[in-house]
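# Summary of structural features
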Amino acid sequence: MPKKGMRSVYHINPSKTPSSPYNSPLRNGTPLFSFSESMIAETISNAEQKISKWNQETSSYAKVTSLFYESRKEARDYINCVNDLQRAMHFLLTENPSSEKLIRSQQLMQVSMKRLQKEFYQILSTNRDHFDPESISNRSSVTSRSSLSDYEEEYDNGFDDEIQQVENSITEVERVSVLAISDLKVIADCMISSGYGKECVKIYKLIRKSIIDEGLYRLGIEKMTCQKIQRLDWEIIQLKLENWLKSVKISVTTLFSGERILCDQVFYSSDSIRESCFTEISKEGAVILFSFPELVLKSKKSSSEKIFRILDLYNSVSEIWPEIESIFSFESTSFIRNQALSSLEALGDSVRIMLSEFETTVQKDSSKIPVSGGGIHPLTEYGMSFIAGLSDYSVILLNLMEDWALSVETRLPESYFSPPNPNESAISIRFAWLILVLVCKLDGKAELYKDVTLSYLFLTNNLHFIVSRVRTSNLSFLLGEDWISKQEMKVKQYAWNYERLGWEKVVSVLSPVNSMGNAYADEMNNLLKRFSLAFEQVYRSQSSWIVPDSKLRNEIKVSICSKLLPLYRSLFDKYRVTLQGEPITLGDSSSSMIFSPDDLGNYLSDLFYGNASSTTTSTTTHSSRVAMLRLNFRPRWCFSF
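Now for a description of the structure that goes with this document. (Residues numbered from 1 in each chain as written. Predicted model: local features only at pLDDT ≥ 70, side-chain atom pairs only at ≥ 80, totals over all residues. Heavy atoms only, no water.)

Along the backbone of the chain there are 26 helices and 2 strands. A separation threshold of at least 6 residues defines the contact pool for the chain, and within that pool the share at least 24 residues apart is 81%. Summed over its atoms, the accessible surface of the chain is roughly 30700 Å², and 51% of this surface lies on carbon and sulfur atoms. (Helix = DSSP H or I, 4+ residues; strand = E, 2+ residues; numbered from the N terminus. Contact = heavy atoms within 4.5 Å. Areas by Shrake-Rupley, 256 points an atom, 1.4 Å probe, with all protein chains shown as cover.)

In structure tokens:
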């Protein structure tokens, strides 16, 4: 079995070697010309002189001094010398395998490889700062390789001119980095072609893997397990998730990208070594990084609170997917791509499941207690908060939903919705459907009210709330102005139904006012009393009802006042004229009081705040009843007519 140095004859790399009289091509395994004895002797002698000088086992100077830092010209000569020795060994093995010169050459080769191993380790160790992934990734691989190729020529065409060109074209930090990478590449090429690639790669993996591990640690990326994440509170998971979202892009585009570029440059001459080396130093950290999203899915938080975080995770991975494919493009790193893709698919499936769960939650809501005063139902607030929040992720959801169409049984009526943008029809239809599910459920909630009038006020409030959330979110772009206009018309219809049913009795009392002419005072007095009684009854029943939105509240009040006050003021003024200055009798102790137009306006202005006002009793005197009404009235604002 050949000694260790004999590996060189099987690993010659003739793709690019320094110019030398011993660099002869082979034809059918036979040199075009033979080495002479003197040439062999000269080659071995030159190699022994240079290699012995830098033998760290025999020279104290060589132990403490770096060949590549001491003299780049001498380093160049050393590499050329080792390459020449390797070619001479190849010739000796072919011509005279038992030659003493071959044995001596093998011994010298072993010494030189130990020296180069040490140089390789020192360059990697002392240039950690210059080889940080951020600095490397900020320079494109094309530029770096171009600079590297230029610098390699110094080994052939002269040191001074080439090094000056490099120094003039890049910054000091880049200069040190490019030259150090060039040194590493030259050493790696020499060791690989001499059969010592395994030793070179071992050093590289040891040092550079620690860089990736340290970088991920500083970014807060830690190894998690399913059992561990299930024991954590959601608040802690949220913190880890937020940190991951901030760190994942840096990890991919800086940390792993920088390592890939460095590895490509150092081992440029060997595709297989470049691939295996990068795979070994990156696989553990990359798997930890890309498996985190799937672990988050296993946490025990409810889907409604988790879906937005899941969408953030999906967005982060999908944004950097092109970089993941590029950086981990080797066949041996396919499992890393698959892990990232698996997380992406799992996140997408989880979002679809959560949307289905939301729809089911709305449809199966079984609360039977009507909202006090016909206000906004908690299901409306929850549902629209969820749907409006989802609309912020419309671009992501468009990709997730384009193949997730509604079933035939759940097609949207054309009268209800037509997508404003054909390019986004799938996502628009899905959002319109979710809102329709919510609206249909609210229709059922309205039936819980015994008073039909209050049920219409409930529908007015809740549909108005839905339309308002649509207008103030991305839903307005997804659903379009046509959908919004249709729903606003429904809000007006519900409000009109409320007014018609709620105030029909009061308005009907005043219907004959315009045809009364010069009626008697008693007749007018009875009409005013009937009106006051009807108004008091309606006011008493509606005093606890509520319209939370101030604009809608104002619109409803104005509409009611426009129907009541002009007729009532006309009747009241006719009553004054009929009495011809006599005191107005506003009722007695046994009958309902008569409101003045100003009192009527004040009472109407106090509606829909949910504050019930006290009503008068039949035993109260006229003066005290008026005083009681005014004391009980605490207007928040008044109408002017």
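Counting through the fold element by element, Val 82 comes out in helix H4 (residues 72-95). Other than its neighbours up to four places away in sequence, Val 82 contacts Ile 51, Met 109, Ser 112, Met 113, Cys 190 and Ser 194.

Two elements in contact, helix H17 (residues 334-363) and helix H18 (residues 378-391), have axes whose closest approach is 11 Å; the angle formed by their N-to-C orientations is 160°. Here H18 runs roughly antiparallel to H17, going by the angle between their axes. Every pair of crossing elements has a handedness; the one defined by H17 and H18 is left-handed. On the side of H17, the interface is formed by Leu 355, Phe 358, Thr 361 and Val 362, while H18 contributes Leu 379, Tyr 382, Gly 383, Phe 386, Ile 387 and Leu 390. Residues belonging to the contact of H17 with H18 are distributed by class as follows: 8 nonpolar, 2 polar and no charged. (Axes fitted to C-alpha atoms, helices over the stretch in contact; angles between N-to-C directions. Parallel < 35°, antiparallel > 145°, perpendicular 65-115°, else oblique. Left-handed = near helix turned anticlockwise from the far one by under 90°. Nonpolar A, V, L, I, M, F, W, Y, C, P; charged D, E, K, R; others polar.)

Turning to its location among the elements, Arg 569 is positioned in helix H24 (residues 550-579). For the pair Arg 569 and Pro 597, spaced 28 residues apart in sequence, the C-alpha separation works out to 5.8 Å. Residues contacting Arg 569, with those up to four places away along its chain left out, are Pro 597 and Asp 598.

Packing of H17 against helix H20 (residues 425-446) brings their axes to within 9 Å, and their N-to-C directions diverge by 20°. Compared by their axis directions, H17 and H20 come out roughly parallel. Of the two elements, H17 crosses H20, and the hand of that crossing is left-handed. Together, Leu 355, Phe 358, Glu 359, Val 362 and Gln 363 of H17 and Arg 430, Trp 433, Leu 434, Val 437, Leu 438 and Lys 441 of H20 make up the contact between the two elements. Here the contact of H17 with H20 is built from residues that sort into 7 nonpolar, 1 polar and 3 charged.

A few words now on the pattern of salt bridges. This model, assessed by the stated rule, comprises 27 salt bridges. Between Glu 119 and Arg 115 there is a salt bridge; the shortest N-O distance is 2.7 Å. In this pair, Glu 119 and Arg 115 are both assigned in helix H5 (residues 100-126), 4 residues apart and thus about one turn of the helix distant. With a relative accessible area of 0%, Glu 119 lands in the buried category. Between Lys 283 and Glu 280 there is a salt bridge, with the nearest N and O atoms lying 3.3 Å from each other. (Salt bridge = Lys/Arg side-chain N within 4 Å of Asp/Glu carboxyl O. Buried < 20%, exposed > 50% of the residue type's maximum accessible area, 1.4 Å probe, protein only.)

Applying the stated rule across the entire model yields 21 aromatic pairs. Measuring from ring centre to ring centre gives 5.8 Å for Trp 244 and Phe 292, while their planes differ by 25°; the resulting arrangement is stacked. Within this pair, whereas Trp 244 is found in helix H13 (residues 234-266), its partner Phe 292 is found in helix H14 (residues 271-297), the two being separated by 48 residues in sequence. Assessed through its relative accessible area of 2%, Trp 244 is described here as buried. Pairing Phe 535 with Tyr 539 gives two aromatic rings, centres 6.1 Å apart and planes at 20°, and the pair type is stacked. With Phe 535 and Tyr 539 both in helix H23 (residues 521-542) and 4 residues apart, the pair spans about one turn of that helix. Tyr 539 matches Phe 535 in its accessibility class, with the two residues each being buried. Ring-pair connections join several aromatic residues into one group, and the members of that group are Trp 503, Phe 531, Phe 535, Tyr 539, Tyr 568 and Tyr 603. Positioned above the aromatic ring of Phe 278 is the side chain of Arg 260, whose terminal nitrogen or guanidinium carbon lies 5.9 Å from the ring centre. Here the guanidinium or amino end of Arg 260 rests over the ring plane of Phe 330, the centre of that ring lying 4.0 Å away. (Phe/Tyr/Trp six-rings, centres within 6.5 Å; stacked < 30°, edge-to-face > 60°. Lys NZ or Arg CZ within 6 Å of the ring centre and 35° of its normal.)

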